[in-house]
Amino acid sequence: MPFIIIPSNILLSPTTSKLFQTFTKFNEEEITRSLHNNLTPTPYPPSAFTYSKLLSECSSTKSITHGQIIQARIIKYGFLNDINVSYKLISFYTKCQIFGCARNVFEEIAEPDVLSWSALISGYVQNGFCFEAVSAFQKMHSSGVQCNEFVFSSVLKACSGRKNLKLGKQIHGMLIKTCFQYNVFVLNTLHTVYAKCGELLDSQKVFDEMPERNIVSWNALFSSYVQNDCCAEAISLFQEMIVSGLLPNEFSLSSILNACTGSTDYGQGRKVHGYLIKLGHYSDSFSANALLDMYAKLGDLEAAKTVFEEIKQPDIVSWNAIISGCVLQEDHDWALRLFAEMKMVGTIPDMFTLSSVLKSGAEMGMKELSMQIHSDLIKRDVGSDFFVGVGLVDVYSKCDLIEDARKVFDTLPKRDVIAWNAMISGYSQSGDDGEALSVFVAMQKEGLGFDQTTLSAVLKSTASLQTNIVTRQVHVLIVKSGFQSDDYIVNSLVDSYGKCKLLMEARRYFEEHPSQNVVPFTSMITAFTQHGEGEEALKLFLKMLDKGVTLDGFVYSSLLNACTTLSAYEQGKQIHVHILKSGFISGFTGNALVNMYGKCGSIEDAHCAFSELPERGVVAWSAMIGGLAQHGCGKEALDMFNKMLNDGVSPNHITLVNVLCACNHAGLVMEAKRVFESMELLFGIKPLQEHYACMVDLLGRAGKLNEAMELVRKMPFEADASVWGALLGASRIHGDLELGKYAADKLIVLEPEKSVTHTLLANIYAASGDWSGVSDVRRLMKDSKVKKEPAMSWIEVKDAVHTFMAGDRNHNRTEEIYAKLDELSDLLSKAGYVPRVDVDLHDVDRSMKEELLSHHSEKLAVAFGLIATPPGAPIRVKKNLRVCIDCHTAIKFISEIVSREIIVRDISRYHHFRNGSCSCGDYW
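Reading guide: rules and limits
- Residues numbered from 1 in each chain as written.
- Predicted model: local features only at pLDDT ≥ 70, side-chain atom pairs only at ≥ 80, totals over all residues.
- Heavy atoms only, no water.
- Helix = DSSP H or I, 4+ residues; strand = E, 2+ residues; numbered from the N terminus.
- Rg over C-alpha atoms; globule rule 2.2 N^0.38 Å.
- Buried < 20%, exposed > 50% of the residue type's maximum accessible area, 1.4 Å probe, protein only.
- Salt bridge = Lys/Arg side-chain N within 4 Å of Asp/Glu carboxyl O.
- Phe/Tyr/Trp six-rings, centres within 6.5 Å; stacked < 30°, edge-to-face > 60°.
- Patch = residues over 30% accessible without salt bridge, like charges linked within 9 Å, V, L, I, M, F, W, Y side chains within 5 Å.
- Areas by Shrake-Rupley, 256 points an atom, 1.4 Å probe, with all protein chains shown as cover.
- Axes fitted to C-alpha atoms, helices over the stretch in contact; angles between N-to-C directions.
- Parallel < 35°, antiparallel > 145°, perpendicular 65-115°, else oblique.
- Left-handed = near helix turned anticlockwise from the far one by under 90°.
- Contact = heavy atoms within 4.5 Å.
- Nonpolar A, V, L, I, M, F, W, Y, C, P; charged D, E, K, R; others polar.
- pLDDT = per-residue confidence, 0-100.
- Expected span 1.5 Å × (residues − 1).
- Arc of directions from axis to C-beta.
- Core = buried A, V, L, I, M, F, W, Y, C linked by side-chain atoms within 4.5 Å.
- Polar contact = N/O pair within 3.5 Å; in protein donor to acceptor, adjacent residues only side chain to side chain.
- Pairing = 2+ DSSP bridges.

1. A few points about the overall build of the chain
Within the chain, the regular secondary structure consists of 50 helices and 8 strands. The C-alpha atoms of the chain give 41 Å as radius of gyration, which overshoots the globular expectation for 924 residues (29 Å, by more than 25%). Summarising its shape, the C-alpha atoms of the chain cover approximately 140 × 55 × 50 Å along the three principal directions. Relative to its 924 residues, the chain shows a buried fraction of 51%.

Set out below in structure tokens:
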């Protein structure tokens, strides 16, 4: 149906004018009927005012067809050069985003005035065409037309959009020369230009010099500071405005809520929440979404949920705020439930929603959900969205679908640092460290920079691969890029150097970049512990306390591991007290406590720590079983293993190693065979080198040497040093020279630098009386430049660790120690002790051998313990090698003579000496 043309002699009555404002809400038939019924004939000719009014109504409803017909009438009656009409017509076309028509109208005007230029420039700015707006302004200025406040405001907005500081300053100069330098409308836009261009001081200066400030002025200032990440300053300015007596509106409160989020000022955010309720802006969608976002990001999910539930019609921004907040606070289950609810109510997720959901899917390992989202994106033809693409790379990597992650990565339309980081981290997390480094090299070839996340992921891979050269090369990149003082990088590099066995480099770098952050300290303590420098780790702990560094569960766990390596029972107990005070008794810290007490000789304390754990995972059970195994409590360890299975906890390969060790130390051959032969069937775990080594050691100690050798032959892979070492040890126990030589030959090939192989072989020769064989072994060691590892023993007394070597006279209480040994020698002789001189390989007479044996490191440590600890207190000694047969025999006698419990931890197990007997039953 054709549009009704308004006759030239007809004016709209007030009723018709009202109807015209809403005519686009009706169909054409209704519009026609309404206009016919309300057109009022008049003898007056049409006026410019009439058509201006009609164009205003068309602009508000964006009724293009009607506006074009009205333009035709304007041209027919010659109203195009009317200032108001041309202004309205240009405004109409710019609001309808038909800039060609707007420009045509403008060019038809013989002498465009300031209103026409203002309409054109304003239209460009409102639609984001800032370059065109600036160009039009320059032409206007060249034509000599004087600007008004609307032109100045529009072109300043264009300067903000393009961040054109130079032009902004030029316009500022023009304002100073005109009467508009005090116009609040123009100045509000001017200080926004400076802020958007990063010139906050100039922005503040413009604001301070304003003769009057309205709420728009303050809002622009708040927004400027928030956009430049000066959130605390924005909050301070807000408080200043409140003190001045000016009440905030919904825009003020939205900006300040964003500032509270950025500055993590939860308390101020709560106050703003109160203003929203008090001033009646609580239903404003922008404010509600800002409030929801603030609560979600600052960790108060319950408050965020309440705000979300009170929003009558949550839009996509509301859904994104609550879902992303759940992801940020790691409540991934609720995030996914909200996503499902969002789809049920018909809200279509956008790329930000899907990006958040993919993060939750990645953390929960929900590969099916990720694939569904990916499929949906492909159907919607938005599969190449950058943020979602990166999210897919991340989720596929974390779901062990690294090949799919790579396919998505390769199809990304652009790949910035974030995308490359996701791919490098994906390979690193999946254990494909070589490929992680290859991707990093490819990233560098493309000329891209890198950030802390890139370097941290790369260093994680160099640590896993233990590639010293690459770690040093990455270190050079860190220095060149200026990241060397970043706590995140210090931690990663110290960790990488430590795992690459470059302890000196790790220590030097750590000391050159002091920090109050706990993470680098944790990495350095871990490095010390992994390299047997437990004392240095504990010294560093004391430095942390002196510096006031806030400790966390990770550093406590590392410190407990340091105590474990030193068998530092007393210091371990002190760290336990620190843990109790700080409230970190849970998870890995609790597991480390169980492990520490078990390996520091107190199985009772280990059991107490284990029983106090709120939740017991496989690590806790494995630590407890391992502790029982080291203390020779084989049957108790098997009982604990059965309890673990009854609790529904599945073992891992470490658990089964500990179970087999427990059987080994207790001589439970049949029980060990049952576990070993059923581990793959019952638990899906194929035996590894460690499991075979336990079984070979067990069979060998039980005298089943042929069966042990047969098991070695049947192994599905080449036996490593642990297996041949077990066979060599069994050969020494049972004096099988031929088998011992065979096992030693294998070990010398695998570990030529290890002295223990030569020592055991020499012992076998000596036990058989073959002293020429002993000489041959010693000659081989000399020719191969293999140095015998010296036997060392430690004892902890009053927070200090005292170290002894055989014949040691360096201790400050040496005289007392040797006097106590002389005293014990007489008492031992009376008790029936006879030195086992056959275990000494020195070519000297018997009396000299007896003297050498009496000064072994473990005897010196025990003697010191007797003079340095309170009467009746247990004596705890650690030795780096197996306790020798003579010392084992002597300490049994000493425990009965002095009525003290003596606990010795050697390289393989604990020996509890009480009342003349040992917990190992002489089976070790």
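More follows now that the structure is in view.
2. Focus: the pattern of salt bridges
In this structure the tally under the stated criterion is 25 salt bridges. One salt bridge in this structure joins Asp697 and Arg701, with 3.1 Å as the shortest N-O distance. Of the two residues, Asp697 and Arg701 both sit in helix α41 (residues 689-701), 4 residues apart, roughly one turn of that helix. We note that Asp697, like Arg701, is buried. A salt bridge links Glu751 to Lys754; the shortest N-O distance between them is 3.8 Å.

3. Topic: the packing of aromatic side chains
In the structure shown here, the tally under the stated rule is 19 aromatic pairs. With centroids separated by 4.8 Å and ring planes inclined at 70°, the aromatic side chains of Phe308 and Trp319 adopt a geometry described as edge-to-face. Here Phe308 is found in helix α18 (residues 301-310), whereas its partner Trp319 is found in helix α19 (residues 316-328), with 11 residues between them in sequence. For the pair formed by Phe308 and Trp319, the shared burial category is buried. On the numbers, 5.2 Å between centres and 80° between planes, the contact of Phe676 with Tyr692 is edge-to-face. In this pair, Phe676 sits in helix α40 (residues 669-683) while Tyr692 sits in helix α41, placing the two residues 16 residues apart along the sequence.

4. Some details on unusual backbone geometry
Of note, Asp229 is a non-glycine position whose phi angle comes to about 60°, a positive value. Relative to the assigned elements, Asp229 resides in the loop between α13 (215-227) and α14 (231-243). Overall, Asp229 belongs to the exposed group, its relative accessible area being 68%. Although it is not a glycine, Ser567 sits at a positive phi angle of roughly 55°. Assignment of secondary structure puts Ser567 in the loop between α33 (553-566) and α34 (569-582).

5. Some remarks on a nonpolar patch on the surface
There is a patch of nonpolar side chains on the surface, built from Val844, Met848 and Leu852 and spanning about 210 Å² of accessible area. Summarising the element assignment, Met848 is placed in helix α48 (residues 846-854).

6. With respect to the packing of helix α26 (residues 433-445) against helix α27 (residues 452-465)
Close contact between α26 and α27 brings their axes to 9 Å; oriented N to C, the two are set at 140°. Taken together, the axes of α26 and α27 are oblique relative to one another. Crossing angle aside, the handedness with which α26 passes α27 is left-handed. On the side of α26, the interface is formed by Asp433, Gly434, Ala436, Leu437, Phe440 and Met443, while α27 contributes Thr454, Val458, Lys460, Ser461, Thr462, Ser464 and Leu465. Taken together, the residues that form the contact of α26 with α27 break down as 6 nonpolar, 5 polar and 2 charged.

7. Considering the confidence of the model for the chain
Put simply, the chain has an average pLDDT of 84, and 94% of its residues get 70 or more. Ignoring residues within four places in sequence, the model shows residues 1-42, a span with pLDDT below 50, making 54 contacts including any to other chains.

8. Section: helix α44 (residues 737-750)
If you check α44, its first and last C-alpha atoms are 20 Å apart, about what 14 residues at 1.5 Å a residue would give, namely 20 Å. Those residues of α44 not exposed but buried are Leu739, Gly740, Ala743, Ala744 and Leu747. Each buried residue of α44 sits inside an arc of 130° when the element is viewed along its axis, so together they form one side. In this structure, α44 carries Glu738 and Val749 as exposed residues pointing more than 90 degrees from its buried face. Buried residues in α44 make contact with α42 (705-714), α43 (721-734) and α45 (755-767).

9. Digging into the nonpolar core
Judged by nonpolar contacts, the single largest core of 253 residues is most densely connected at Ile171, Ile478, Met524, Leu559 and Ile575. Setting aside anything within four residues of it in sequence, one finds Ile171 in contact with Phe137, Phe152, Val155, Leu156 and Cys159. Core analysis: the next-biggest nonpolar cluster, separate from the first, contains 26 residues, Ile817, Leu828, Val862 and Leu866 among them.

10. With respect to the side chain of Thr189
Topologically, Thr189 is positioned in helix α11 (residues 184-196). Look at Thr189 and you get buried, because its relative accessible area is 9%. Polar contacts involving the side chain of Thr189 include one to the side chain of Ser153, which spans 3.1 Å. Apart from the residues lying within four places of it in its own chain, the contact partners of Thr189 are Ser153, Leu156 and Lys157.

11. A look at the sheet that holds strand β8 (residues 917-918)
What the 6 strands build is an open sheet, ordered β4-β3-β5-β6-β7-β8; its pairing is mixed. Of all strands in the sheet, those bounded by a partner on one side alone are β4 (800-805) and β8. Here strand β5 (residues 875-879) runs beside strand β6 (residues 902-905); their pairing, made up of 4 bridges, is parallel. Bridge pairing in β6 links Ile875 to Ile902.

12. Section: helix α6 (residues 99-108)
Residues of α6 that are buried: Phe99, Ala102, Val105 and Phe106. Looking straight down α6, one finds that the buried residues subtend no more than 120° of arc, so they occupy a single side. Turned more than 90 degrees away from the buried face of α6, the exposed residues are Glu107 and Glu108. Against α4 (64-76), α5 (83-95) and α7 (114-126) lie the buried residues of α6.

13. Some points on the environment of Asp300
Position of Asp300 relative to the elements: it lies in the loop between α17 (285-297) and α18. Residues Asp300 and Glu107, spaced 193 residues apart in sequence, show a C-alpha to C-alpha distance of 58 Å. Those residues within four positions of Asp300 in sequence are excluded, and the remaining contacts are Tyr266 and Tyr295.

14. Here's the deal with the packing of helix α30 (residues 503-512) against helix α31 (residues 518-530)
Close contact between α30 and α31 brings their axes to 10 Å; oriented N to C, the two are set at 155°. Taken as axis vectors, α30 and α31 run roughly antiparallel relative to one another. The handedness of the crossing between α30 and α31 comes out as left-handed. In this structure, α30 contributes Leu503, Ala506, Arg507 and Phe510 to the contact, and α31 contributes Pro520, Phe521, Met524, Ala527 and Phe528. Across the contact of α30 with α31, the residue classes tally to 8 nonpolar, no polar and 1 charged.

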